[in-house]
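For reference, the chains in residue letters:
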Amino acid sequence: MELIFLGPPGAGKGTHAQMLCKDAQLAHLAAGDILRKNVKDGTPLGIRAKAVMESGALVSDELVNNMMFDAIRSLNGYKGFILDGYPRTLFQAEALEKFFAAQKKSLTAVINFDASEAVVVDRLSGRRGCPKCGKIYHVTNMPPKKEGVCDVDGETLTIRKDDQPETIRHRLKVYHESTKPLIEFYRKKKLLHDVPADGDASSVQKVLEKLFEKLS
Ligand code: AP5
């Protein structure tokens, strides 16, 4: 199963991809996570991406396309994958189509996380993450057992640099301008499934699990 998770920042793409991948033997390929790892490791890609990401703008299509194609090519032993936060522009979507055709792969579905602006702003403002294992929390919606500490490995949770109010506003603007047009792009191809994403994590997860059963 090859899936794309589409939706505004803070809609829950990463949270629900983590939950689904655990049981379904799917790889979770999150463009933002891969970029952040490159930034942390100081790779040439990370050095070019750092300031762009901190401002809430998009990293260049060419860099992100090559990064994601490499990530897909290097997968081994999975039943498929979820692309989280990729593609994010029409140019990326068209490049991915060509890549899939060359790899003789086909896209199973695109899941559109349909979340309102007020909800995503609240979620991003309270998001915390584990710098070691990447598990995502929220201070009130999905808190860790011990405040500020990861349940999995005891690391101190951190706040993403791009989760500052001004950067959140800019990321939402970029989403509306560059990524939202992908909804119609994939709807026309009859690949799009809308998932209402304003509800709590367990209700959104139930809808996704039902959809997964239908798609498998
Ligand atoms: P990226 O890391 O992909 O950020 P994003 O798309 O803005 O998405 P987020 O990770 O912020 O949100 P999410 O939907 O995954 O929400 P989450 O599950 O964490 O990208 C970062 C940057 O990298 C970009 O700005 C850009 O610069 C660059 N980049 C990435 N991809 C690129 C591309 N393709 N092209 C160019 N540049 C690219 O949830 C948010 C919070 O809500 C959490 O606290 C969580 O606990 C909580 N929560 C989640 N679901 C629920 C729920 N159902 N109920 C209650 N709380 C919930």
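Residues numbered from 1 in each chain as written. Predicted model: local features only at pLDDT ≥ 70, side-chain atom pairs only at ≥ 80, totals over all residues. Heavy atoms only, no water.

## Considering the site of the ligand
Then comes step 1: Near the ligand lie 37 residues; those nearest to it are Thr 15, Ala 57, Arg 88, Arg 127 and Arg 171.
Then comes step 2: Between Gly 12 and the ligand, the recorded distance is 3.0 Å, taken from a backbone N or O atom to an oxygen atom.
Then comes step 3: Contact with the protein chains covers 97% of the free accessible surface of the ligand, which is 1000 Å².
Then comes step 4: Among the elements of the structure, helix 1 (13–24), helix 2 (31–41), helix 6 (117–125), strand 6 (136–138) and helix 9 (201–215) are those that each provide at least two residues to the shell around the ligand.
Then comes step 5: A class-by-class count of the residues in the shell around the ligand yields 17 nonpolar, eleven polar and nine charged. (Near = heavy atom within 4 Å. Polar contact = N/O pair within 3.5 Å; in protein donor to acceptor, adjacent residues only side chain to side chain. Areas by Shrake-Rupley, 256 points an atom, 1.4 Å probe, with all protein chains shown as cover. Helix = DSSP H or I, 4+ residues; strand = E, 2+ residues; numbered from the N terminus. Nonpolar A, V, L, I, M, F, W, Y, C, P; charged D, E, K, R; others polar.)

## Describing the sheet that holds strand 4 (residues 109–114)
Then comes step 1: A sheet is described by the order of its strands in space; here five strands give the open sequence 2-3-1-4-7, paired in parallel fashion. Sheet topology places strand 2 (27–30) and strand 7 (192–196) at the edges, where each strand pairs with a single neighbour. The average angle at which neighbouring strand axes cross in this sheet is 20 degrees, direction not considered.
Then comes step 2: By the bridge criterion, four bridges tie strand 1 (residues 2–6) to strand 3 (residues 81–84) in an arrangement that is parallel. Looking at strand 3, one finds that Glu 2 is bridged to Phe 81.
Then comes step 3: On top of the sheet, helix 1 reaches strand 1, strand 2, strand 3 and strand 4; it is set at about 170 degrees to strand 3, its chief contact. (Pairing = 2+ DSSP bridges. Axes fitted to C-alpha atoms, helices over the stretch in contact; angles between N-to-C directions. Contact = heavy atoms within 4.5 Å.)

## Digging into helix 9
Then comes step 1: When the terminal C-alpha atoms of helix 9 are compared, their 21 Å separation across 15 residues agrees well with the 21 Å that a helix rising 1.5 Å per residue should span.
Then comes step 2: Within helix 9, the full set of buried residues consists of Val 204, Gln 205, Leu 208, Leu 211 and Phe 212. Around the axis of helix 9, the buried residues are gathered within 125 degrees of arc, so they sit on the same side. Turned more than 90 degrees off the buried face of helix 9, the exposed positions are Lys 206, Lys 210, Glu 213 and Lys 214. (Expected span 1.5 Å × (residues − 1). Buried < 20%, exposed > 50% of the residue type's maximum accessible area, 1.4 Å probe, protein only. Arc of directions from axis to C-beta.)

Functional significance is not addressed by these values, which are geometric in nature.
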